[in-house]
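These are the residues of each chain, in order.
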Amino acid sequence: RHEGGQRLVLYLVKQAAIADADVAPQGRKLPQAALVRDVSQKTLDLLSKTCDPMRPVLWPLLFEALTPAEYLPAAPTLCKALGSLATKLAATSPAELVLPVRLNPNLPGHPAIFARLALYLAVPHRWPSLGLHAAALLPMLAPQLSPSLRPLCDSQLAPLAARLAAPGAANADAATYRADT
């Protein structure tokens, strides 16, 4: 039903996951890998925020891209897009926020989603805004991931999110972050 949209989204995710090591040097006439990556990231962001007809394609399809290692460089973009979608769904149709993991064999299970988001929180500065977007997404998913996760999110993630959102936090390196905590 949404096959064309799914292909487009997965193509954008693959392009958003172009690693820094794969970015070609400047000065070439062909489109630079960094430009392609940036355009794909911005397109996914815009689709998740402004294009309501894409919501059935993006949610839960982006979760399929959250766990494979090949898409790790796109993690901040995926978490940001999923956070935008979750915020909209929570406000307009909370029943759609529940992931159909039993109906869709391609979706990672709740433990895999939690593990991936916890990993992103463990290395919040690996990519710009990674921790901030993971810390915003996890509390919205907490009720369906585990009943005991919500109090943990309230007590621990709120301060972490505030710290990651602080001015200059995006430019802090991982060693400084670990030394302060």
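Scroll up for the structure.
Below is a short write-up of the structure.

Rules used throughout
Residues numbered from 1 in each chain as written. Predicted model: local features only at pLDDT ≥ 70, side-chain atom pairs only at ≥ 80, totals over all residues. Heavy atoms only, no water. Phe/Tyr/Trp six-rings, centres within 6.5 Å; stacked < 30°, edge-to-face > 60°. Helix = DSSP H or I, 4+ residues; strand = E, 2+ residues; numbered from the N terminus. Buried < 20%, exposed > 50% of the residue type's maximum accessible area, 1.4 Å probe, protein only. Axes fitted to C-alpha atoms, helices over the stretch in contact; angles between N-to-C directions. Parallel < 35°, antiparallel > 145°, perpendicular 65-115°, else oblique. Left-handed = near helix turned anticlockwise from the far one by under 90°. Contact = heavy atoms within 4.5 Å. Nonpolar A, V, L, I, M, F, W, Y, C, P; charged D, E, K, R; others polar.

Let's talk about the packing of aromatic side chains
Enumeration over the complete set of coordinates arrives at one aromatic pair. Ring plane angle 85° and centroid distance 5.0 Å describe the contact between W59 and F63, whose orientation is recorded as edge-to-face. With a gap of four residues between them, W59 and F63 both fall in helix α3 (residues 55–64), about one helical turn apart. The residues W59 and F63 share a single accessibility class, namely buried.

Brief notes about the packing of α3 against helix α4 (residues 75–92)
In the contact formed by α3 and α4, the axes pass within 10 Å of each other and the chain directions differ by 125°. In terms of orientation, α3 lies oblique with respect to α4. The chirality of how α3 crosses α4 is left-handed. Facing R55, L58, W59, L62 and F63 of α3, the residues of α4 in contact are L78, A81, L82, L85, A86, K88, L89 and T92. Residue composition of the contact of α3 with α4, grouped by class: ten nonpolar, one polar and two charged.

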